[in-house]
Amino acid sequence: MKTNRIYSAILALLVATSTYAQRNNEKPYFTKDFSENYLEAVKVKTSGGSISVEGDNKSGVTVEMYVRANNWKGDDVSDDEIEDRLKEYDITIRREGNNVVAIAEPKDRNGMNWKKGLSISFKVYTPRNFATDLRTSGGSIRLAGLNGEQNFTTSGGSIDVNDLKGNIKGRTSGGSIEATNCSDNVDLATSGGSIKAESMVGNIRLITSGGSINLADLNGKIKATTSGGGVRADGIQGDLETSTSGGSIRMKNLAASVKASTSAGSIEAEFDRLGDFVSLSTSAGSVRVNMPMNKGLDLDLRGNRVSIDLKNFDGRMDKDRVQGSLNGGGIPIKLTASSGSVYVNQ
């Protein structure tokens, strides 16, 4: 059990309803419950740990704080040493108006001896209809089972979101992103990792500067771009805009309007059903498309070689260019390969 010498700053900030538990990988260092039924949001900030928020807690809000040494041998540091190091931190866990606030940050960041620093993480359990404002400089962020406004940022970890509905905005500078079963407005970006998104509906924006993108079973207005990897998409409906500067694009089971471009790879696309338009372009590879040809199409195909079998076509047909109307014209189809070939149903 914890000794009675837990440092005085925590005792001054936290009320008597709090409970303590032994420090290990399973149990929190500190737990506090908030039972007020008018709470609306949680704000969490930590400089050296992860943050997790999980909705559908019907009994109010529970905040758990986890503490370990900020090194790979954290479990070897004694409870007394942890308590002594906590004196160098400002810890706040309290209610402020309609919000629950949990903050852990060094008192003197510039003078902090980081070799004796702590990783302070929070796990929060809330009602489902709850908003979040989360910030961490050194850990991952996970959210699940929430409806409402979700804003979260990490400078050094991954993002994992599941079963969210509402306005969702997340940023990471150093990790990957995984999003599943989210809807409405989703805006996620990373400067240093890959993105995986599955089973989502709504306005979806996914941006990475340093990794691949994998999309599956998305429906809505979707924008997904990367500067450093390939793109894979399977089962997309609605409107898809995607681009990469450093890889190929592979798409299948499409029933969508699609605009896709790459500067350093090929494009493959398989359509179950065409949307309002198709625009695919590459500067350093080929374009290969399989699509229904039984509707009116306006074709604009360009490449070193264009390979397509046409009937009921009116227009120009050369080795490197096909331009004109198929079945009387209709849906615009633009395929461009600046240094490769274009293949349609080949």
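Cut-offs applied
- Position labels on residues start from 1 in each chain and follow its written sequence.
- Residue-level local features of this predicted model are given only where pLDDT is at least 70; pairs of side-chain atoms are given and counted only at 80 or more, and the full residue set underlies all totals for whole chains, interfaces and linings.
- Just so you know, side-chain values use all the structure's heavy atoms and leave hydrogens and water out.
- Numbering of helices and strands starts at the N terminus; helices are DSSP runs of H or I of at least 4 residues and strands are runs of E of at least 2.
- A simple rule labels every residue: compare its accessible area, found with a 1.4 Å probe on the protein chains alone, to the largest value its type can have, and call it buried under 20%, exposed over 50%, or partly exposed in between.
- Note on contacts: a residue pair is in contact if any heavy atoms of the two residues lie within 4.5 Å.
- Residue exposure ignores everything except the shown protein chains as possible cover, and the areas themselves are Shrake-Rupley values with a 1.4 Å probe.
- Take a side-chain nitrogen of Lys or Arg and a carboxyl oxygen of Asp or Glu: if they are within 4 Å of each other, that pair is a salt bridge.
- Planes of paired rings set the category: under 30 degrees apart is stacked, over 60 is edge-to-face and the rest tilted, where pairs are Phe, Tyr or Trp rings (Trp by its six-membered ring) whose centres lie within 6.5 Å.
- Definition used: whenever NZ (Lys) or CZ (Arg) falls within 6 Å of the ring centre and also within 35 degrees of the ring normal, the charge is taken to sit over that ring.
- In the cavity and pocket records, a cavity denotes points on a 1 Å grid over the protein atoms alone where a 1.4 Å probe fits but cannot get out, a pocket denotes an open set with protein on both sides within 12 Å along at least 5 of 7 lines, and lining residues are residues with an atom within 4 Å of a point.
- Grid points are joined across faces, edges and corners, and a volume is the space filled by probe spheres set on the points.
- Under the convention adopted here, Pro, Cys and the residues Ala, Val, Leu, Ile, Met, Phe, Trp and Tyr are nonpolar, Asp, Glu, Lys and Arg are charged, and Gly plus all remaining residues are polar.
- The criterion for strand pairing is that DSSP finds at least two bridges linking the strands in question.

Chemist: Lay out the overall build of the chain in plain terms, naming residues and giving numbers.
Modeler: Looking only at helices and strands, one finds two helices and 26 strands in the chain. The 346 residues of the chain split such that 49% are buried. For the chain, the proportion of contacts with a sequence separation of at least 24, taken over those separated by at least 6, is 40%. A total accessible area of about 15900 Å² is found for the chain, and carbon and sulfur atoms account for 40% of it.

Chemist: Describe the environment of Ser263, with residues and values.
Modeler: With respect to the secondary-structure elements, Ser263 resides in the loop between strand S18 (249-262) and strand S19 (267-282). Those residues within four positions of Ser263 in sequence are excluded, and the remaining contacts are Thr244, Ser245, Ser283 and Ala284.

Chemist: Describe the pattern of salt bridges, naming the residues involved and giving the relevant values.
Modeler: Note on pairing: side chains with opposite charge can pair once their charged atoms come close. Scanning the model with the defined rule gives 15 salt bridges in all. Taking the shortest distance from any N to any O, the salt bridge between Glu198 and Lys196 comes out at 3.7 Å. Its relative accessible area of 37% is what places Lys196 among the partly exposed residues. Between Arg250 and Glu268 there is a salt bridge, with its nearest N and O atoms 3.8 Å apart. Taken as a pair, Arg250 in strand S18 and Glu268 in strand S19 lie far apart in primary sequence, 18 residues in all. Under the relative-accessibility criterion, Arg250 is labelled partly exposed at 23%. The structure contains a network of salt bridges with shared partners spanning Arg171, Asp187 and Arg205.

Chemist: Provide a residue-level description of the packing of aromatic side chains, including the pertinent values.
Modeler: This model, assessed by the stated rule, comprises zero aromatic pairs. In this arrangement the basic side chain of Lys123 is found over the ring face of Tyr66, its NZ or CZ atom lying 5.0 Å from the centre. Its end group placed over the ring of Tyr343, Arg288 keeps NZ or CZ at 4.2 Å from the ring centre.

Chemist: Mind laying out the layout of surface pockets, listing which residues take part and the relevant values?
Modeler: Of the volumes computed, that of the second largest pocket is approximately 160 Å³. If you go around the second largest pocket, the residues you meet are Arg232, Ala233, Asp234, Arg250, Met251, Lys252, Glu268, Ala269 and Glu270. At the level of secondary structure, the elements contributing two or more residues to the lining of the second largest pocket comprise strand S17 (231-244), S18 and S19. Broken down by class, the residue content of the lining of the second largest pocket amounts to three nonpolar, no polar and six charged.

Chemist: Residue-level account of the environment of Ala260, with values.
Modeler: Tracing the backbone shows Ala260 in strand S18. As for Ala260 and Ser243, which are separated by 17 residues in sequence, their C-alpha atoms are 5.4 Å apart.

Chemist: Account for the pairing of strand S15 (residues 195-208), naming residues and giving values.
Modeler: With four bridges joining them, strand S13 (residues 177-180) and S15 adopt parallel strand pairing. In the sheet register, Glu178 faces S15, and the bridge partner there is Lys196. In this structure, strand S14 (residues 183-190) lies alongside S15, joined through eight bridges in parallel fashion. The residue bridging Thr190 from the neighbouring strand is Thr208, located in S15. In this sheet, strand S16 (residues 213-226) lies alongside S15 in parallel orientation, the contact comprising 13 bridges. Looking at S16, one finds that Lys196 is bridged to Asn214.

Chemist: Run through the pairing of strand S5 (residues 61-69), naming residues and quoting values.
Modeler: Of all nine residues in S5, eight are buried, a share of seventy percent or more. With eight bridges joining them, S5 and strand S8 (residues 118-125) adopt antiparallel strand pairing. The residue bridging Met65 from the neighbouring strand is Phe122, located in S8.

Chemist: Outline unusual backbone geometry, supporting the account with residue identities and numerical values.
Modeler: For Asn181, which is not a glycine, the phi torsion comes out positive at approximately 55 degrees. Counting through the fold element by element, Asn181 comes out in the loop between S13 and S14. Of note, the phi angle at Asp217 is positive, near 55 degrees, even though the residue is not glycine. Position of Asp217 relative to the elements: it lies in strand S16.

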